[in-house]
Amino acid sequence: MRNALKFLANSLALLCVSPCLVCYCIAALLQGKSPALAGVSQLLSLLPGTTGVYLRRAFYRCTLAECGEGSVISFGVLLTHANTTCGDMVYIGPYCVLGDVGMERDVLIGSHVSITNGNRQHGIERLDLPVREQLGQWPRVTIGCDTWIGDRAVIMANVGQHCVVGAGAVVTKPVPDFAIVVGVPAHIVGWRKAPAGSEQTAAPLSSAGEK
Ligand SMILES: CC(C)(COP(=O)(O)OP(=O)(O)OC[C@H]1O[C@@H](n2cnc3c(N)ncnc32)[C@H](O)[C@@H]1OP(=O)(O)O)[C@@H](O)C(=O)NCCC(=O)NCCS
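Residues numbered from 1 in each chain as written. Predicted model: local features only at pLDDT ≥ 70, side-chain atom pairs only at ≥ 80, totals over all residues. Heavy atoms only, no water.

Caption draft 1: Spatial organisation of helix α3 (residues 49-63). Between the first and last C-alpha of α3 there are 21 Å, a value that for 15 residues agrees with the 21 Å anticipated at 1.5 Å per step. Within α3, the full set of buried residues consists of G52, V53, Y54, L55, R56, R57, A58, F59, Y60 and T63. Buried positions along α3 lie against α1 (2-31), α2 (33-44), β1 (66-67), β2 (72-73) and β3 (78-79). (Helix = DSSP H or I, 4+ residues; strand = E, 2+ residues; numbered from the N terminus. Expected span 1.5 Å × (residues − 1). Buried < 20%, exposed > 50% of the residue type's maximum accessible area, 1.4 Å probe, protein only. Contact = heavy atoms within 4.5 Å.)

Caption draft 2: Molecular detail of the side chain of D100. Relative to the elements of secondary structure, D100 occurs in the loop between β6 (97-98) and β7 (101-103). Under the relative-accessibility criterion, D100 is labelled buried at 9%. Reaching out from D100, the side chain makes a polar contact with the side chain of R140 at a distance of 2.4 Å. Discounting chain neighbours no more than four positions away, the residues touching D100 are H81, N83, T84, N117, R140 and V141. (Polar contact = N/O pair within 3.5 Å; in protein donor to acceptor, adjacent residues only side chain to side chain.)

Caption draft 3: Spatial organisation of the packing of α1 against α2. At their nearest, the axes of α1 and α2 sit 7 Å apart, and the two run at 150° to each other. Where α1 crosses over α2, the handedness of that crossing is right-handed. Contacts between α1 and α2 involve C20, Y24, A27, A28 and Q31 on the former and, on the latter, K33, P35, A36, L37, V40, L43 and L44. A breakdown of the residues in the contact of α1 with α2 according to their chemical character gives 10 nonpolar, one polar and one charged. (Axes fitted to C-alpha atoms, helices over the stretch in contact; angles between N-to-C directions. Left-handed = near helix turned anticlockwise from the far one by under 90°. Nonpolar A, V, L, I, M, F, W, Y, C, P; charged D, E, K, R; others polar.)

Caption draft 4: Structural context of unusual backbone geometry. A cis amide bond, omega -10°, links V184 with the succeeding residue P185. In this structure, P185 sits in the loop between β15 (179-182) and β16 (187-191). One non-glycine residue, D146, adopts positive backbone phi at about 60°. A relative accessible area of 29% places D146 in the partly exposed class. In this model, R152 sits at a positive phi of 60°, which is unusual for a non-glycine residue. With respect to the element layout, R152 can be found in the loop between β11 (148-149) and β12 (154-155). The exposure class assigned to R152 is exposed, which follows from its relative accessible area of 54%.

Caption draft 5: Here's a closer look at the packing of α1 against α3. The N-to-C vectors of α1 and α3 enclose an angle of 60°; their axes lie 7 Å apart at closest approach. Here the hand of the crossing between α1 and α3 comes out right-handed. Every residue of α3 that contacts α1 at K6, A9, N10, A13, L14, C16, V17, C20, L21 and Y24 is listed here: Y54, L55, R57, A58, F59, C62 and T63. Of the residues contributing to the contact of α1 with α3, the split by class is 13 nonpolar, two polar and two charged.

Caption draft 6: Quick look at the layout of surface pockets. Quantified by volume, the largest pocket comes out at close to 210 Å³. In terms of lining residues, the largest pocket is bounded by K6, F7, N10, V53, Y54, R57, R61, E69, G70 and V72. Those elements that place two or more of their residues in the lining of the largest pocket are α1 and α3. Top element by residues in the lining of the largest pocket is α3. It accounts for four residues. Across the lining of the largest pocket, the residue classes break down as four nonpolar, two polar and four charged. What the second largest pocket holds in volume is close to 160 Å³. Along the walls of the second largest pocket sit F7, N10, S11, L14, Y54, R57, A58, R61 and C62, which together make up its complete lining. The set of elements that each furnish at least two residues to the lining of the second largest pocket consists of α1 and α3. Here the lining of the second largest pocket takes five residues from α3, the largest share from any one element. Residues that form the lining of the second largest pocket fall into these classes: five nonpolar, two polar and two charged. (1 Å grid on protein atoms, 1.4 Å probe; cavity = no way out; pocket = protein on both sides within 12 Å on 5 of 7 lines; lining within 4 Å. Points joined across faces, edges and corners; volume = space filled by probe spheres on them.)

As structure tokens, then:
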């Protein structure tokens, strides 16, 4: 019965977002997929409540490279890249801004998190050209399965599987699997599971400082 109701809600949501899908297809032909996605994403980000969650999921399941079962993309979330992938049961909290990101299943992202494509979107070497005109690099960022990212973190590099990124952390370098990182710049303060071959023991952050 529950599954039937969910199927009905998802189908209804798909029907409701069909005008957005038509607009997206036209805009994608004219501007390219990512600019088109960014525009519709801004509109859909304004829809509140559970209805908004269902409508956004229906839209993104048709437009993103992957948008998994049970994924929740909350109010105010802006997605800017059509190559973004979002595995099953991914939760993205309110007001996040995401670039070209691959999120594996069960990723949990708090509110106001920014995930940028690296940290050199613009060149800064030349002084005879404004920064906005200098080409940079936009590497795709991946977030491994079962990783939890706290509120207001800024992620500029890959984060492994089963990691914890503390609230307000700024991740500038890749984070290995199972690591717990906090701070600016983010640094490892504990492990959910010790790395293979290391003498480290898995320790909750609260006891990491006692070692
Ligand atoms: C990273 C986190 C999971 C660690 O929790 P914990 O293991 O219970 O750690 P504690 O609270 O015992 O803190 C241990 C130490 O780390 C510090 N610390 C904890 N979180 C920190 C953070 N985000 N940034 C900087 N330092 C942090 C504490 O101040 C403490 O330092 P001290 O030993 O010098 O006193 C948690 O603090 C966190 O940031 N959670 C995210 C919460 C959030 O954003 N929720 C909303 C989204 S779902």
